[in-house]
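# Fold and geometry: a report
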Amino acid sequence: MKQLIERRINWMMALMPYSIAIGPLGTLLTLEIVSLKGTPIDVSYAMSAGSAAGVAAPLIWGFLLDKYGGRRVLTLGFLGTALFILALAYASSIPQIALYYAAASLFSSAVGVSASMIIVGYSSRSRWNESYSSLNFISSLGYLIGDLAAAVLSGFLSIKTIILSMGALSLISIALTMLTMPREVVKVNNTSNDPPKSIKGKVTDLGDLMSLIILYSALVIFYISSGIFNTLYPYGLRVGGLSKTWVMGVISMGLGVQILGFRLAPRLISKLGGNAKAASSSLILRGLSYSLIGLTSSTPVTLIATGLTLYPLAAGLAFSTFYTASNVMIVERLKNGREGRGLGVYNVVTGSAYLTGSLTSGYLANSIGIGQSYVIAGVLLWGSAYLFRLIDKSRVSELAKVSA
């Protein structure tokens, strides 16, 4: 049993090479498109192709997960991503880059969905927060390592050579999966800890449905807000007067705090009173940070100041706490035997919301300005925080009725 538990923990390390490879991929492809005399519109089309593939694919992977299990789909995700990253190194035109990037994104989405599925199936409910925190800590650390490595290597290697190296790293993840994850793992029964049902079953079912609708509404608002802010922020820093080095430094600072945040997330969620309360509190902090950044983004000095203080709070501590709590809230509501499809639907919904925010961001910036767009994103997060607070209140009320 001890060896089995250790393997459950060690399999997450298989994601490290893959995460290092994926981290700088968007930046590397942008630079490759520039070398082919591409325009900003070409870059936008290529990135949108990847986003579109990532939005549609999780539903497909969800069905395959229910049929074949997490280990096989995870391995397939690593393999497909690696092959198309390697193909990107040999792309000779911008349409080829867009096509291969879309294919890599399609298989990349299999990794995220299957990793969540493995946590749901092979970890006890009481350890889901800890497991998700560990998984995201490893992924975020890989992204940061990949960004820093690509920045260093770009000084003396061609972009194509760096992309080839990243593709090879993804292949290493396949080998690590084979070594650390057993072919057959006994699933943990997570149904015994479910809260008792009310005698009035129909009323309880209706309450569960309403809670699920509110939860998904809150998540859609969150991802639209994040799509708006994340798409505009690096651009806003650059046109606001910061050098490329400062822009990369600010983004890296946020990612570094995010890594630390994923280590702290389980304890923070416990201290804040559970997943719903923690999600609500973290969104209030994230929304406040967005709004203050927008209201003060008038000079390079203020951009640096908020970039090194408020941005790490929003993208680091608040995001890691929210992401861990909200993911666990979703998996707690998955139906037994249909977890893969449930996770697929969740990823499609949130991916579509993020893409909507990204597409909306440019129009917002043109009509009301970049800083004001940040404020809009912050206000949206407060609306999402309110909905999570409603979920917490309804949960407490339902448990009180059951125990009465």
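Anything mentioned here points back to the structure above.
Residues numbered from 1 in each chain as written. Predicted model: local features only at pLDDT ≥ 70, side-chain atom pairs only at ≥ 80, totals over all residues. Heavy atoms only, no water.

### Quick word on the side chain of Ser 116
- Within the element layout of this structure, Ser 116 appears in helix H6 (residues 94–122).
- Residues in contact with Ser 116, not counting those within four places in the same chain, are Tyr 132 and Leu 343. (Helix = DSSP H or I, 4+ residues; strand = E, 2+ residues; numbered from the N terminus. Contact = heavy atoms within 4.5 Å.)

### Topic: the pattern of salt bridges
- This model, assessed by the stated rule, comprises one salt bridge.
- Its salt-bridge partner being Glu 32, residue Lys 160 comes within 3.3 Å of it at the nearest N-O pair. In this pair, Lys 160 is assigned in helix H8 (residues 159–180) and Glu 32 in helix H3 (residues 25–35), connecting sequence segments 128 residues apart. (Salt bridge = Lys/Arg side-chain N within 4 Å of Asp/Glu carboxyl O.)

### Things to note about a nonpolar patch on the surface
- Among the surface-exposed residues, Ile 284, Leu 288, Leu 292, Leu 295, Val 379 and Trp 382 lie close enough to one another that they form a single nonpolar patch of about 540 Å² accessible area.
- Mapped by element, the contributors of at least two residues to the nonpolar patch are helix H11 (275–296) and helix H15 (370–403).
- Among the elements that make up the nonpolar patch, the one with the highest residue count is H11 (four residues). (Patch = residues over 30% accessible without salt bridge, like charges linked within 9 Å, V, L, I, M, F, W, Y side chains within 5 Å. Areas by Shrake-Rupley, 256 points an atom, 1.4 Å probe, with all protein chains shown as cover.)

### Re the environment of Val 55
- Examined against the element boundaries, Val 55 turns out to sit in helix H4 (residues 40–68).
- With a relative accessible area of 13%, Val 55 lands in the buried category.
- Spatially, the C-alpha atoms of Val 55 and Leu 106 are 8.4 Å apart, while their sequence positions differ by 51 residues.
- For Val 55, the residues in contact, after removing those within four places along its chain, are Val 348, Gly 351, Ser 352 and Leu 355. (Buried < 20%, exposed > 50% of the residue type's maximum accessible area, 1.4 Å probe, protein only.)

### Brief notes about the nonpolar core
- Of all hydrophobic cores here, the largest spans 53 residues; its most connected members are Trp 11, Phe 78, Ile 163 and Met 166.
- Those elements giving two or more residues to this core turn out to be helix H2 (15–22), H3, H4, helix H5 (70–88), H6, helix H7 (128–153), H8 and helix H13 (310–331).
- Top element by residues in this core is H6. It accounts for 14 residues.
- In this structure, Trp 11 is in contact with Leu 74, Ala 115, Ile 118, Ile 119, Leu 135, Thr 180 and Met 181, ignoring residues within four places of it in sequence.
- Formed by 43 residues, the second largest nonpolar core is a distinct cluster that contains Leu 219, Leu 232, Phe 319 and Ala 377. (Core = buried A, V, L, I, M, F, W, Y, C linked by side-chain atoms within 4.5 Å.)

### Things to note about the environment of Gly 316
- Mapped onto the fold, Gly 316 is located in helix H13.
- In this structure Gly 316 comes out as buried when scored by relative accessible area, which is 0%.
- Sequence spacing of Gly 316 and Ile 259 is 57 residues, and the spatial spacing of their C-alpha atoms is 7.2 Å.
- Setting aside anything within four residues of it in sequence, one finds Gly 316 in contact with Gly 254, Val 257, Gln 258 and Tyr 311.

### Re helix H10 (residues 244–272)
- The axis of H10 is deflected most strongly, by about 55 degrees, at Leu 264, and proline Pro 266 appears within four residues downstream.
- Residues of H10 that are buried include every one of Val 247, Val 250, Gly 254, Leu 255, Gln 258, Ile 259, Gly 261, Phe 262, Ala 265 and Ile 269, and no others.
- Downstream of H10 by one or two residues, Gly 273 has phi in the positive range, about 100 degrees. (Bend = angle between axes of the 7 residues up to and from the residue.)

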